[in-house]
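Tertiary structure, described
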Amino acid sequence: MSNLRLFLLHTVLLPGMDLPLNVFESRYRRLVSECLEANEPFGVALIREGFEVGDDGAEAYSVGCTARIVNATPSGGGRLMISTRGEQRFRIVEQLHDEPYPSAIVEYPVDELSDVPESLVERAQEGYRQLRRLRAMAEGGFQREIHPPSNAGTLADRIATAANGVVEPVRLQPVLEAFDVHRRLETAVELLT
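Below or above, wherever it landed, is the structure these notes cover. (Residues numbered from 1 in each chain as written. Predicted model: local features only at pLDDT ≥ 70, side-chain atom pairs only at ≥ 80, totals over all residues. Heavy atoms only, no water.)

Brief notes about the overall build of the chain
Scanning the chain for helices and strands turns up five helices and seven strands. Ordered by position from N to C terminus, the α and β elements of the chain give β-β-α-β-β-β-β-β-α-α-α-α. A compact globule built from 193 residues should have a C-alpha radius of gyration of about 16 Å, and the chain, at 17 Å, falls within 12% of that. Here the C-alpha coordinates of the chain stretch approximately 50 × 40 × 30 Å along the principal axes. (Helix = DSSP H or I, 4+ residues; strand = E, 2+ residues; numbered from the N terminus. Rg over C-alpha atoms; globule rule 2.2 N^0.38 Å.)

Thoughts on helix H4 (residues 169-177)
Buried within H4 are the following residues: Leu-172, Gln-173, Val-175 and Leu-176. One side of H4 carries all its buried residues, which in axial view fall inside an arc of 160°. On its buried face, H4 sits against strand S3 (42-49), strand S5 (63-76), strand S6 (79-96), helix H3 (152-163) and helix H5 (181-192). (Buried < 20%, exposed > 50% of the residue type's maximum accessible area, 1.4 Å probe, protein only. Arc of directions from axis to C-beta. Contact = heavy atoms within 4.5 Å.)

A few points about the pairing of strand S7 (residues 103-107)
Bridging between strand S1 (residues 2-9) and S7 involves four bridges; their strand directions are antiparallel. Note on S7: the bridge partner recorded for Leu-4 is Ala-104. Note: S6 against S7, five bridges, orientation antiparallel. Residue pairing across strands places Leu-96 opposite Ser-103, the latter belonging to S7. In this antiparallel pair of consecutive strands, S6 and S7, the connection spans six residues. (Pairing = 2+ DSSP bridges.)

Re the pattern of salt bridges
Under the definition given, this model contains 14 salt bridges. We note a salt bridge from Glu-34 to Arg-30, for which the minimum N-O separation is 2.8 Å. Residue Glu-34 and its partner Arg-30 are both found in helix H1 (residues 26-38); the two are separated by four residues, about one turn of the helix. On the accessibility criterion, Arg-30 (39% relative accessible area) is partly exposed. Here Glu-107 makes a salt bridge to Arg-91, at a shortest N to O gap of 3.0 Å. Of the two residues, Glu-107 is situated in strand S7 and Arg-91 in strand S6; the sequence distance between them amounts to 16 residues. (Salt bridge = Lys/Arg side-chain N within 4 Å of Asp/Glu carboxyl O.)

Thoughts on the environment of Glu-139
One can find Glu-139 in the loop between helix H2 (118-138) and H3. Residue classification places Glu-139 among the exposed positions, given a relative accessible area of 63%. The spacing of Glu-139 and Val-32 is 107 residues in sequence and 31 Å in space, taken between C-alpha atoms.

Here we look at unusual backbone geometry
The backbone of Asn-39 sits at a positive phi, close to 55°, despite the residue not being glycine. Under the relative-accessibility criterion, Asn-39 is labelled exposed at 60%.

As for the nonpolar core
With 47 residues, the main nonpolar core has Phe-7, Phe-42 and Leu-185 as its most contacted residues. It is H3 that contributes the most residues to this core, seven residues altogether. Setting aside its immediate chain neighbours within four residues, Leu-185 contacts Val-116, Leu-120, Val-121, Ala-124, Ala-152, Leu-155, Ala-156 and Ile-159. Counting 11 residues, the second largest nonpolar core, distinct from the first, contains Leu-4, Ile-47, Ile-92 and Ala-104. (Core = buried A, V, L, I, M, F, W, Y, C linked by side-chain atoms within 4.5 Å.)

Considerations on H5
For H5, which comprises 12 residues, the first-to-last C-alpha distance of 17 Å matches the rise-based estimate of 16 Å (1.5 Å per residue) to within 8%. When H5 is considered as a whole, its buried residues turn out to be Val-181, Arg-184, Leu-185, Thr-187, Ala-188, Val-189 and Leu-191. (Expected span 1.5 Å × (residues − 1).)

Points about the environment of Gly-127
Locating Gly-127 in the fold gives a position in helix H2. The spacing of Gly-127 and Ile-159 is 32 residues in sequence and 8.2 Å in space, taken between C-alpha atoms.

Overview of the environment of Leu-113
With respect to the element layout, Leu-113 can be found in the loop between S7 and H2. Classification of Leu-113 by relative accessible area gives exposed; the value is 77%. Sequence-wise, Leu-113 and Phe-179 are 66 residues apart; in three dimensions their C-alpha atoms are separated by 8.5 Å.

Here's what the structure looks like:
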């Protein structure tokens, strides 16, 4: 278990997913500064109740994902634009209230490996290809070669990442919370429908 600084947001971050953030609240600028200085990630957790900005009472889901800062650029007016990438699932054990920003004691559960039927993996891979092609077309592009991951857990995360912005964050949260890889892939395949 360890202490982790938290951003509570109305979005779900998954391992491997890129997440740009516009940081303007002084408490979150401090959080980013401390993370950069210590070369540590922070956690992103989906807000269950409350608001992103100025809500000290916002309540988050207990499972989130760490975010590694890839780039940070001042953008004027005290704002900071940061690029982050999701790294690792965490579970909040205890909320802390000793900093101006949210923080918690967290644990890092490992994936529960279970047998995943090959037919489910193949269905998920084909659905992932179709989703990526549709997203590319909607953005005015075309993607010929799409190579889905063969690892079932990573494939589930990529499906949920590709569905981000298409489905509500609350529908992505069960993919993040599924530590059983078989269940995670089934949950992600449900998003494809």
